[in-house]
Structures are given as C-alpha cells and as structure tokens.
Amino acid sequence: MAEHAESESRAGVDWRRGRERAAGVLAGLVRWAGLIFALFLAIHVVFVLGSANPDNGIVSFVRGGADAFSLGFRDLFLPVDLKLRVLVNYGLAAIFWLVVSSIVAKVIRRLGGVG
C-alpha cells in the first residue's frame, strides 16, 4: 500500500510546470538586475549633469555602482566636456543593460518552455 502511494506522489509531480516556474523566476531576476544596473547608471548621469556634490555619501555610492556596471563603456567616447562624456558613455551602458537583460530573460523563458 505504501509503495502504491509513493508511486502516485511521484507521478503527480508536474516537472514541466516546475521548470516553467523556475525559468520565469530566473528570467524575472535577470530583468530586475538589468533594471537596477541601468538605474544606477542613469542616477549617476543625473548627479553629474546636476553638478551634485561628489563628496556626498549617496553620490559616491551611486558613482561606485555606476563605475562597476559601466563595463567598457566608461571611456568609449572621449568628448572634452565631462558632462557630455558621462551622458554618452554611461547612457549607452544603461541601454546595454536594459537590452541585454531583456534578451537573456527571453532566452531563459524559451529554454524553460514558458513561451
């Protein structure tokens, strides 16, 4: 009797649904990570364009995150104007994170059978 109940519980597991759910959660995490990275970059751009105090704790924290998330974009273009340089380079990095996280999330969903 116990053997019969055990085989029923194993047969009742919907592995496909579990895989879809896991893929959906992972894809969501990837999208959120990309959004957070882009947000750090965008806030850094706003701080630089607004001439925020670079010694302020919040500004330096955001700058540190933006520098980490900018990858190779930080010095991609080198216009003379510092504000334009930050706008272009960090702006491109933010767009990069939004696009790449979106593509990776779609791939994860497809591999997970979500759609």
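Preceding this section is the structure that the text describes.
Rules used in this analysis
Counting from 1, residues in each chain are numbered in the order their sequence is written. Thresholds applied to this predicted model are a pLDDT of at least 70 for local features of residues and 80 or more for the giving and counting of side-chain atom pairs; totals over whole chains, interfaces and linings are not thresholded and use all residues. Only hydrogens and water are set aside; all other atoms, that is, all heavy atoms of the structure, feed into the side-chain values. Note that patches include only residues with greater than 30% relative accessible area and no salt bridge, and the join distances are 9 Å for like charges and 5 Å for nonpolar side chains (Val, Leu, Ile, Met, Phe, Trp, Tyr). Under the convention used here, a 1.4 Å probe and the Shrake-Rupley method define accessible areas, while residue burial counts only the protein chains that appear. A pair is scored as a salt bridge if a Lys or Arg side-chain nitrogen falls within 4 Å of a carboxyl oxygen belonging to Asp or Glu. The helix count covers DSSP runs of H or I at least four residues long, the strand count covers runs of E at least two residues long, and both are numbered beginning at the N terminus. The span you would expect from a helix comes to 1.5 Å times its residue count less one. In this scheme, a residue with accessible area under 20% of its type's maximum is buried, one over 50% is exposed, and one in between is partly exposed, where area comes from a 1.4 Å probe on protein chains only. What makes two residues a contact is simply this: any of their non-hydrogen atoms within 4.5 Å.

S.K.: In this structure, what is going on with a nonpolar patch on the surface? I would like to understand it.
M.R.: A cluster of nonpolar side chains, contributed by L76, F77, L92, I95, V99, I103, V107 and L111, occupies part of the molecular surface with about 740 Å² of accessible area. Of note, F77 is situated in the loop between α3 (57-69) and α4 (82-111).

S.K.: What is the right way to read helix α2 (residues 15-49) from this model?
M.R.: One turn of the α-helix equals 3.6 residues, which is why residues spaced by three or four share an orientation. In this model α2 runs 51 Å from its N-terminal to its C-terminal C-alpha over 35 residues, within 8% of the 51 Å that 1.5 Å per residue would give. Along α2, the residues that are buried comprise E20, A23, A27, G28, V30, G34, A38, F40, L41, H44, V45 and V48. At its buried positions, α2 is contacted by α3 and α4.

S.K.: Which parts of the structure should I look at to understand the environment of G72?
M.R.: Structurally, the position occupied by G72 is in the loop between α3 and α4. Taking the C-alpha atoms as reference points, G72 and Y90, separated by 18 residues in sequence, lie 9.9 Å from one another.

S.K.: Quick question: what am I supposed to make of unusual backbone geometry here?
M.R.: Even without being glycine, S51 reaches a positive phi, approximately 55 degrees. Mapped onto the elements, S51 comes out in the loop between α2 and α3. Notably, L71 is not glycine yet its phi reads approximately 50 degrees, a positive angle. Within the secondary structure, L71 is located in the loop between α3 and α4. The exposure class of L71 is partly exposed, given its relative accessible area of 44%.

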